[in-house]
Amino acid sequence: MSEEAKQGYSADSIQALEGMEHVRMRPSMYIGDVGVRGLHHLVYEVLDNSIDEALAGHCDLISVDINEDNSITVRDNGRGIPVGLHKKEGVSALEVVMTKIGAGGKFDKDSYKVSGGLHGVGVSCVNALSDHLHAIVYRDGKVWEQEYERGKAIYPAKCTGDTTQNGTTVTFTPDKSIFQQTTEYNYDTLASRMRELAYLNKGIRITLTDKRKKDDKDEFIKELFHSEEGLKEFVKYLDSSRNPIIAHVISMEGEKNNIPVEVAMTYNDSYAENLHSYVNNINTHEGGTHLSGFRRGLTSTLKKYADNSGLLDKLKFEIAGDDFREGLTAIISVKVQEPQFEGQTKTKLGNREVTSAVSQAVSEMVENYLEENPNDAKIIIQKVILAAQARHAAKKAREMVQRKTVMSIGGLPGKLSDCSETDPAECEIYLVEGDSAGGTAKQGRDRNFQAILPLRGKILNVEKAMQHKVFENEEIRNIFTALGVTIGTEEDSKALNLTKLRYHKVVIMCDADVDGSHISTLILTFFFRYMRELIEQGYVYIAAPPLYLVKKGAKKQYAWNDDQRDTIMGQFGDGSKIQRYKGLGEMNAEQLWDTTMNPENRTMRRVTIDSMSEADHVFSMLMGDEVPPRREFIEKNAVYANIDA
């Protein structure tokens, strides 16, 4: 019997499901979009193949290089993609994997028990959307190579030498005709995903090297992602800027009903609930049956303990599920052989059998911890009681917001200058810092479709505020009522209702200085914690007013950064004059319209969330109490002067 057959992963393990002729024609169907997110998704697809080798127990080292020309190289020390002749296709299995959509070992249960990625779609899509792809396979003592252009093989797979290694190396260059917005990779975006994967797959080592720039020691920027404790370390990382109220991270790892389940959780003194769930390394933003199982197991076990403890005897109202999760940071990771995904973005797990598996696992984990740590148990129940009291106060505050919406004229704040258009898809609202800039914006806007809501100073930092304080804050109430959204139902006190959303563009427009950046971050934190659906549906933007106006005689040109200013000055020559805009109020209405509000000329940054866990970490760090990590983050990122979730 051959070595391939022994390992159960051979040329015959590769199944070709369908052709890939539509990938280049409709790339967004396969990778989501052809912008920045889709570009980075290419890396994740190749990386997922290596992670699947690790899940199968055949790989523990993966390296990713961003090369000087923005091509990407992914290497692993797995078994190597099979290269033998594929009987059905008549070419090497390597060529089948690289050129046939849906071809891969992931469909053969003997090769992979579970897998992430797009379930076999991945690497062939990457090949189709690349100018050039070069695959090198180290397998059974031989080196095999094949190259492709835009998804088509240039030559058959060929043996090019001997080796003692095992593994696969894939180098690809994204096709500029497909990715017209940009083909430049962002190091931090890739690092965030690799950090996440290292936590989710403990023991694996993933290195990321940026060969486009060097550090102070004249070495390439390089980072190693490795975790020995997995989700326990992940929780500690997410909560590094929060104050824990219990001594340990509560965790478990095991199988329930043949489903591998891993959970880690802890409580902090914040008022937010931070749950992150994964299925086969895929971040399930919309939750699903595994999250339902976690909530059920946590709530029933804590409630039983609280009832038996007698601590709830003096409470005059019922404890709700939300109360048990205030100040909770938790990560739930399950491995499912045949995951069924639902929801708007196909990131909601639908497998019903997972609910009871996770619920049982969490119940046992929490029950054991409470029994072994009575002091922590008492602290948790006291936190739950405070959360219940705050929830009742918040309910009254929410009702006040909604009552104000119904009773005020048109249900709108007095400061709002609304637009005449009524179709939300055509309308946009500018949240503007201060009455002065608000006045200029009102004069400069197009009244047909642009509304202006001036905000007085800095809004409340919701990261450190109890829920009822958030709803009692006048500026935040004005945002709720102006947008037309409501929050809270009988089932879920934090559910957001967007059915009456009045604008599909919510634009944060603040001064281009430190104070303006702080106000933007405060507003973004509010949206992330209380109106995350607005961000997820692509409704939130940040305006980009210019920093300079360069003039010489009759000539004038705006600049959005120092480099643009210097370039324009060079073009204008000697005698150029520079006006530095310290705030929006320094522009007149015509200038503000021309540079920042006119759809024909303006530049706006849509706020997106590439990594929910990383966004959670960044907001808690920027808006929390710990100064050193905030200072370090600002020093590292100040150069870019961008606020992007």
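Residues numbered from 1 in each chain as written. Predicted model: local features only at pLDDT ≥ 70, side-chain atom pairs only at ≥ 80, totals over all residues. Heavy atoms only, no water.

### With respect to the packing of helix α11 (residues 435-444) against helix α17 (residues 589-597)
Stage number 1. Axis separation between α11 and α17 bottoms out at 8 Å; the angle between their running directions is 80°. As summarised for this structure, α11 and α17 are arranged roughly perpendicular, according to the angle between their axes. From α11, T440, A441, Q443 and G444 reach across to α17, where they touch A589, L592, W593 and M597.
Stage number 2. For the contact of α11 with α17, the per-class residue count stands at 5 nonpolar, 3 polar and no charged. (Axes fitted to C-alpha atoms, helices over the stretch in contact; angles between N-to-C directions. Helix = DSSP H or I, 4+ residues; strand = E, 2+ residues; numbered from the N terminus. Parallel < 35°, antiparallel > 145°, perpendicular 65-115°, else oblique. Contact = heavy atoms within 4.5 Å. Nonpolar A, V, L, I, M, F, W, Y, C, P; charged D, E, K, R; others polar.)

### Topic: the environment of F341
Stage number 1. Note on placement: F341 falls in strand β15 (residues 341-342).
Stage number 2. Given a relative accessible area of 18%, F341 falls into the buried group.
Stage number 3. Linking F341 and E286, residues 55 residues apart in sequence, is a C-alpha distance of 10.0 Å. (Buried < 20%, exposed > 50% of the residue type's maximum accessible area, 1.4 Å probe, protein only.)

### Observations concerning the confidence of the model for the protein
Stage number 1. Confidence in the prediction for the protein averages 84 pLDDT; 86% of positions are at 70 or higher.
Stage number 2. Residue range residues 107-112 is modelled with pLDDT below 50. Its contacts to residues more than four positions away, or to other chains, number 23 contacts.
Stage number 3. Low confidence marks residues 637-645, where pLDDT is under 50. Its contacts with residues over four positions away, or in another chain, come to 18 contacts. (pLDDT = per-residue confidence, 0-100.)

### Remarks on the nonpolar core
Stage number 1. By size, the foremost hydrophobic cluster in this structure holds 50 residues, and its most contacted members are I429, L483, F526, F527 and M531.
Stage number 2. Among the elements that take part in this core, helix α14 (residues 514-530) stands out by supplying 8 residues, more than any other.
Stage number 3. Beyond its immediate stretch of four places on either side in the chain, L483 contacts I429, K500, L501, R502, Y503, V506, F527, M531 and L534.
Stage number 4. By size, the runner-up hydrophobic cluster in this structure holds 48 residues, among which are I81, A157, L190 and I206. (Core = buried A, V, L, I, M, F, W, Y, C linked by side-chain atoms within 4.5 Å.)

### Regarding the pairing of strand β7 (residues 167-174)
Stage number 1. Counting buried positions along β7 gives 6 out of 8 residues, so the element sits mostly inside the fold.
Stage number 2. The sheet contact formed by strand β2 (residues 72-76) and β7 spans 5 bridges and is antiparallel. Paired with T73 across the bridge in β7 is T171.
Stage number 3. Bridge count for strand β3 (residues 130-139) against β7 is 8 bridges, and the pairing is antiparallel. Note that in β7 the partner of H132 across the bridge is T173. (Pairing = 2+ DSSP bridges.)

### Quick notes on the side chain of T289
Stage number 1. Here T289 lies in helix α8 (residues 289-309).
Stage number 2. Excluding anything up to four places from it in sequence, T289 contacts L349, G350, N351, R352, V354 and T355.

### What about unusual backbone geometry?
Stage number 1. You will see that N257, though not glycine, has its phi angle at about 55°, which is positive.
Stage number 2. Checked against the element boundaries, N257 lands in the loop between β10 (250-256) and β11 (259-267).
Stage number 3. Positive phi outside glycine occurs at N281, with the angle close to 75°.
Stage number 4. Tracing the sequence through the fold places N281 in the loop between β12 (274-279) and β13 (282-283).

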